[in-house]
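Chains, contacts and geometry: an overview
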Amino acid sequence: MQENFNRQFTYFICMVSAMGGLLFGYDWVVIGGAKPFYELYFDISNAPLLQGVAMSTALVGCLCGAMCAGGIADRYGRKPLLVASAFLFTLSAVTTGWFNSFIGFNLARFIGGVGIGVASALSPLYIAEISPSSIRGRLVSLNQMTIVLGILCAQIVNWQLAEPIPEGFTDQQIFASWNGQMGWRWMFWAETIPAASFLILSCFIPESPRWQAMNKRQKEAVQTWTSIGGADYADEQIRNLQASLTTVSNKSESGALRQLRPVLFLGIFIAVFQQWCGTNVIFNYAEEIFSAAGYSVGEVLFNIVITGVANVVFTIVALNTVDRWGRRSLMLFGAGSLAVIYLLLGGCYFFQLKGMLLVILVVLAIGCYAMSLGPVTWVLISELFPNRVRGLAVAICTFALWTACTILTFTFPTLNATLGSSGTFWIYAAICIVGFLFFLRRLPETKGKSLEEIEKEMIQSTDTRE
């Protein structure tokens, strides 16, 4: 039955929701290319603490957005939060490049971070709730696909907007150049176009039918599910949802979460591991990573684009494997592969091997991450939890993810300065080994199952452990 769904309608609403991922990716990475120029403009190029503040302000906003998203989405619906995140992205894109003060710059980055936090929690959750189970993994992975497209767009925009920097240019000359005065501003302003598009289109998508059905709007839920898969499909979804709600109907959200502590811990571990596996520092600190490998600023911007292309290519691979290979297999593959690559990468830095070999290893790391840990994490945390508490549980996991990302981003400069690039990547390798062993023991397979089937299995698993 699920093979006969309305593909045009389903893909449209999922792609609009996934635009939150596009802006998430752009807003998150654009700062990496602008970094050499705004640091000179704000005179923080020799202030590591302020550099860390500039890089982490948006992440603090992410924490606030993720923390608030779940409760508000469960009370008022998924769609209003998606519209709100689109507005915040638009506001941030305009004001980040407009402010001339460091405080104003960070305020605008914080606003964009709140948008990221909301979108990162709600976009995959909305897609999971509206998708037929046979292709849910692929559709939720579309969110990751748009994230990496946003990352690539930011990298290309940064590369194209930055004027060539002649060899031997001093910091003062770069500061006085177009790059130092206006180039970095346009890198942020370019986000206004997709942000405004998301704001307009998000007004035309339906509310999540699962949220509607759980909030006494069954007629609207039936209409949405009928538009997706027909009347019989809508009836099946309503029956499955009503059966699942009886399991936790007598418990509050907090009570239901206490009952599902092992499942919540699993979701939090998956979310934190996606960040602490270390791949994301390559995007945020690409300048330092490639500069340590012997590349100039101009070459660094081009190498960053190469990593973005690899990110997109291997995410496309993930779209075609997540519903065939399964979530568990891909998570094991990602953790194990990254452990090996980081060991080799740390060895390259330790023995001072520079040039193309290091670029190849970085691209391999991004490729392994993009086809496994990157998209599958969002798939898992959007489908592991019961309908009654999904919004709150996903928000908790997303909050944990951005907390881990903030810690990762803020600590990398210190780790890199204290332990060197080799020691830093060896630490990430050790974390990946721990993740591999944990997934081998605790991670179930969820491919091809409805959200209600997954809920039943998770509750039974929890009861067995207790």
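Attention here is on the structure that accompanies the text. The model shown is predicted, which means the values in this text are computed figures rather than measured ones.

Thresholds, definitions, all that
- Residues numbered from 1 in each chain as written.
- Predicted model: local features only at pLDDT ≥ 70, side-chain atom pairs only at ≥ 80, totals over all residues.
- Heavy atoms only, no water.
- Disulfide = S-S within 2.5 Å.
- Buried < 20%, exposed > 50% of the residue type's maximum accessible area, 1.4 Å probe, protein only.
- Axes fitted to C-alpha atoms, helices over the stretch in contact; angles between N-to-C directions.
- Helix = DSSP H or I, 4+ residues; strand = E, 2+ residues; numbered from the N terminus.
- Parallel < 35°, antiparallel > 145°, perpendicular 65-115°, else oblique.
- Contact = heavy atoms within 4.5 Å.
- Nonpolar A, V, L, I, M, F, W, Y, C, P; charged D, E, K, R; others polar.
- Expected span 1.5 Å × (residues − 1).
- Bend = angle between axes of the 7 residues up to and from the residue.
- Core = buried A, V, L, I, M, F, W, Y, C linked by side-chain atoms within 4.5 Å.
- Phe/Tyr/Trp six-rings, centres within 6.5 Å; stacked < 30°, edge-to-face > 60°.
- Lys NZ or Arg CZ within 6 Å of the ring centre and 35° of its normal.

Under the criterion given, the structure shown has zero disulfides. In this structure C62 is not part of a disulfide, and its nearest cysteine sulfur, from C405, lies 7.0 Å away. Here C68 is not disulfide-linked; the sulfur of C64 is the nearest cysteine sulfur, at 6.7 Å. The exposure class of C68 is partly exposed, given its relative accessible area of 41%.

This paragraph deals with the packing of helix α2 (residues 48–76) against helix α3 (residues 78–98). Between α2 and α3, the least distance of the axes is 7 Å, while the angle of their chain directions is 130 degrees. As the angle between them shows, α2 and α3 are arranged oblique. Residues A69, I72, A73, D74 and Y76 of α2 pack against R78, P80 and L81 of α3. Of the residues belonging to the contact of α2 with α3, the class tally is six nonpolar, no polar and two charged.

Taking 1.5 Å as the rise per residue, α2 with 29 residues should run 42 Å; its terminal C-alpha atoms sit 41 Å apart, in good agreement. The largest bend in α2 amounts to roughly 40 degrees and is located at S56. One or two residues past the end of α2 sits G77, with phi positive at roughly 110 degrees.

As a further point, take the nonpolar core. One finds Y38, W402 and F439 to be the most contacted residues of the largest nonpolar core, which totals 135 residues. For this core, the leading source of residues is helix α1 (residues 7–41), giving 17 residues. Once residues lying within four places of it in the same chain are set aside, the contact partners of Y38 are I31, I44, A54, M55, F105 and W184.

The next thing to look at is the packing of aromatic side chains. Here the structure, examined in full by the defined rule, presents 26 aromatic pairs. Seen in terms of ring centroids, F105 and F188 are 5.8 Å apart; in terms of plane orientation they differ by 80 degrees. Their pairing is edge-to-face. Linking F105 in helix α4 (residues 102–130) with F188 in helix α7 (residues 178–189), this pair joins segments that are 83 residues apart in sequence. The class of F105 is buried, set by a relative accessible area of 0%. The class for F188 is buried, based on a relative accessible area of 1%. With a centroid separation of 4.9 Å and 85 degrees between ring planes, the pair formed by W186 and W189 is classed as edge-to-face. With W186 and W189 both in helix α7 and three residues apart, this pair spans about one turn of that helix. Exposure remark for W189: the relative accessible area of 22% places this residue in the partly exposed category. The cationic tip of R185 hangs over the ring face of Y41; the distance from NZ or CZ to the ring centre is 5.0 Å.

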